[in-house]
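Examining the three-dimensional arrangement
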Amino acid sequence: MIIKFYSKPDCELCVEGLHTLKIVQEDIDFTIEHYNIEEDDAVHEKYMLMIPVVERDGEVIQYGQLDYATLYEALGD
């Protein structure tokens, strides 16, 4: 399973979110693909007010303040 993680540099909430996602990764096997929204204008416009964003199969799983329980439930399916 591949999980897309959208963030941007110098985003403290993104650093915390990635840490939370990596804790979930210890319990569920998946690969994290990291995307910098500042490298793609369309992605930047779509997610600039939402980051960090976790996406699976084109569906946003969670954004903003990420939490273990929500991510674990969504990714454990």
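All of the points below concern the structure found in this document. As the structure is a computational prediction, the values presented were derived from the model and not from experiment.

Thoughts on the side chain of S7
- For S7, the position within the fold is in strand β1 (residues 2-7).
- Given a relative accessible area of 5%, S7 falls into the buried group.
- With residues up to four places along the chain from it excluded, the contact list for S7 reads C14, H34, Y35, N36, I37 and I51.

With respect to the sheet that holds strand β4 (residues 59-63)
- Strand order in the open sheet formed by four strands is β2-β1-β3-β4, and the pairing between neighbours is mixed. In this open sheet, the two strands that pair with only one neighbour each are β2 (31-36) and β4. For this sheet the average axis-to-axis angle between neighbouring strands, irrespective of direction, equals 25 degrees.
- Here six bridges tie β1 to β2, and the two strands are oriented parallel to one another. The partner of Y6 across the bridge, within β2, is Y35.

With respect to the nonpolar core
- Counting residues in each nonpolar core, the largest one holds 12 residues, listed as I3, F5, L18, L21, V24, I28, F30, V54, I61, L66, L71 and L75.
- Contributing elements (two or more residues each) for this core: β1, α1 (12-25) and α3 (68-75).
- Sort the elements by how many residues they give to this core and α1 lands first, with three residues.
- The residues touching V24, leaving out its near neighbours within four places in the chain, are F30, Y68, L71, Y72 and L75.
- Listed in part, the eight residues of the second largest apolar core include C11, C14, I37 and V53.

Observations regarding the state of the cysteines
- Following the criterion strictly, the structure yields one disulfide and no others.
- Between C11 and C14 runs a disulfide, and the two sulfur atoms are separated by 2.3 Å. For the disulfide bridge between C11 and C14, the dihedral angle about the S-S bond is near 70 degrees, and by the sign convention the bridge is right-handed. C14 shares its class with C11; the two are buried.

Quick notes on the rules
- Residues numbered from 1 in each chain as written.
- Predicted model: local features only at pLDDT ≥ 70, side-chain atom pairs only at ≥ 80, totals over all residues.
- Heavy atoms only, no water.
- Helix = DSSP H or I, 4+ residues; strand = E, 2+ residues; numbered from the N terminus.
- Buried < 20%, exposed > 50% of the residue type's maximum accessible area, 1.4 Å probe, protein only.
- Contact = heavy atoms within 4.5 Å.
- Pairing = 2+ DSSP bridges.
- Axes fitted to C-alpha atoms, helices over the stretch in contact; angles between N-to-C directions.
- Core = buried A, V, L, I, M, F, W, Y, C linked by side-chain atoms within 4.5 Å.
- Disulfide = S-S within 2.5 Å.

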